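What follows is each chain in one-letter form.
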Amino acid sequence: MTTPDDRVVGTVRWTAEDGTRHEDRTLVAPTLAAGDRIAVWTDRHHRVTPPPLTPSEAASQAAATGALVSLALAGAAGGGCCAVRAALDRCRARAWEAEWRKVGPQWGRAAR
């Protein structure tokens, strides 16, 4: 099985620090032969995992996350302002309508 970045799925075997043997499948260079040594990263459950992010990758992800969170907060604040304004507009319209019902019938009649 070949992947777009010219790596193939291969079986890797390793011995953990506690002496237990493990086996998993991961992407490896197609030029490797059986028995060649490669570095693999594992999680606490001894499953192969991607290597940790480099400092520049971590910084890029942090910057992107910060920008997205800022946009989300700005959108939420803007949406909240629009909702409050709409509620106040409805309240003012009801008050205007109530006042107009009192004054409207007198409008246009000659003062006595």
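Look a little higher up for the structure.
Residues numbered from 1 in each chain as written. Predicted model: local features only at pLDDT ≥ 70, side-chain atom pairs only at ≥ 80, totals over all residues. Heavy atoms only, no water.

Talk me through unusual backbone geometry; I want residue IDs and the actual numbers.
Even without being glycine, H46 reaches a positive phi, approximately 65°. Looking at the secondary structure, you find H46 in the loop between β3 (41-42) and β4 (48-49). On the basis of relative accessible area, H46 is assigned to the partly exposed category, the value being 28%. (Helix = DSSP H or I, 4+ residues; strand = E, 2+ residues; numbered from the N terminus. Buried < 20%, exposed > 50% of the residue type's maximum accessible area, 1.4 Å probe, protein only.)

Outline the side chain of H22, supporting the account with residue identities and numerical values.
The residue H22 is located in strand β2 (residues 21-28) in this model. One polar contact links H22 to T20, side chain to side chain, over a distance of 2.7 Å. When sequence neighbours within four positions are dropped, the list of residues in contact with H22 reads V12, R13, W14, A16 and H46. (Polar contact = N/O pair within 3.5 Å; in protein donor to acceptor, adjacent residues only side chain to side chain. Contact = heavy atoms within 4.5 Å.)

Give a detailed account of the pairing of β2, specifying residues and quantitative values.
Sheet topology places strand β1 (residues 8-15) next to β2; eight bridges connect them, and they run antiparallel. Paired with T11 across the bridge in β2 is R25. Once β1 ends, the chain turns through five residues before running back antiparallel as β2, passing G19 with a positive phi of about 95°. (Pairing = 2+ DSSP bridges.)

Describe a nonpolar patch on the surface, and please don't skip the residues or the numbers.
A surface patch of nonpolar side chains, about 530 Å² in accessible area, is lined by W96, W100, V103 and W107. As for its placement among the helices and strands, W107 is situated in the segment after α1 (55-103). A residue is classified by how much of its surface remains accessible, and W107, at 64% relative accessible area, is exposed. (Patch = residues over 30% accessible without salt bridge, like charges linked within 9 Å, V, L, I, M, F, W, Y side chains within 5 Å. Areas by Shrake-Rupley, 256 points an atom, 1.4 Å probe, with all protein chains shown as cover. Salt bridge = Lys/Arg side-chain N within 4 Å of Asp/Glu carboxyl O.)

Provide a residue-level description of the pattern of salt bridges, including the pertinent values.
If you walk through the whole model with that rule in mind, you get four salt bridges. Linking E23 and R13 is a salt bridge whose minimum nitrogen-to-oxygen distance equals 2.9 Å. In this pair, E23 sits in strand β2 while R13 sits in strand β1, placing the two residues 10 residues apart along the sequence. Notably, a salt bridge pairs D89 with R85, separated by 3.9 Å at the nearest N-O pair. Taken together, the residues span about one helical turn, with D89 and R85 both in helix α1 at a distance of four residues. Note on R85: relative accessible area 57%, which makes it exposed. A single network of salt bridges, built from pairs that share partners, joins R85, D89 and R92.

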